[in-house]
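# Descriptive structure summary
Read off the chains here:
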Amino acid sequence: MFSRKAARSSAPTWVRVASASDVPPGTLRAASTDRAAVVLANVDGDIYALEDRCSHQDYPLSAGELEDDQLECPFHGARFDVCTGRATQLPAISPVRSFQVEVRDGDVFVRVD
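All values derive from a computational prediction rather than experimental measurement.

This part covers the confidence of the model for the chain. Residue-level pLDDT values for the chain average 90, and 92% of them are 70 or greater. Looking across the chain, the model is least confident in helix H1 (residues 4-9), with a mean pLDDT of 51, and most confident in strand E7 (residues 79-81), with 97.

In structure tokens form, the structure reads like this:
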């Protein structure tokens, strides 16, 4: 039997984290929700979100640099594909969590469930 509680818990949870104007092309921006710290990256007008934590040593990726679709951690040089979270350069070998992003009426929403 399908319960109402189960139906509610399966609905996606979207959280507003910034205005799109706060993340111009070629930039990073730290943001947070009650569930996760995220870093937003604008690649040619498309905004992506990753967990704001390097998989190598837990440093904030939002302190890094964005080059094309690659985010470089400033602490040890690990690099990540901002579109997928995949580690692309040592010393990181594990990906970082990526989040779905929607821009609605000029606001950036991240799916956190």
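On to the sheet that holds strand E3 (residues 37-43), then. Sheet architecture is open: 4 strands sit in the order E2-E3-E4-E9, paired in antiparallel fashion. Every other strand in the sheet has two partners, leaving strand E2 (28-32) and strand E9 (98-99) as the edge strands with one partner each. Note: E2 against E3, 5 bridges, orientation antiparallel. Note on E3: the bridge partner recorded for Arg29 is Leu40.

Oppositely charged side chains may form a pair once their charged atoms are brought near each other. With the rule as written, the count across this model stands at 6 salt bridges. The closest approach of N and O atoms between Arg79 and Glu72, which form a salt bridge, is 2.8 Å. Look at Arg79 and you get buried, because its relative accessible area is 13%. You can call Glu72 partly exposed: its relative accessible area is 29%. Bridged by salt links that share partners, the residues Glu51, Arg53 and Asp58 form one connected network.

Rules of the game
- Residues numbered from 1 in each chain as written.
- Predicted model: local features only at pLDDT ≥ 70, side-chain atom pairs only at ≥ 80, totals over all residues.
- Heavy atoms only, no water.
- pLDDT = per-residue confidence, 0-100.
- Helix = DSSP H or I, 4+ residues; strand = E, 2+ residues; numbered from the N terminus.
- Pairing = 2+ DSSP bridges.
- Salt bridge = Lys/Arg side-chain N within 4 Å of Asp/Glu carboxyl O.
- Buried < 20%, exposed > 50% of the residue type's maximum accessible area, 1.4 Å probe, protein only.

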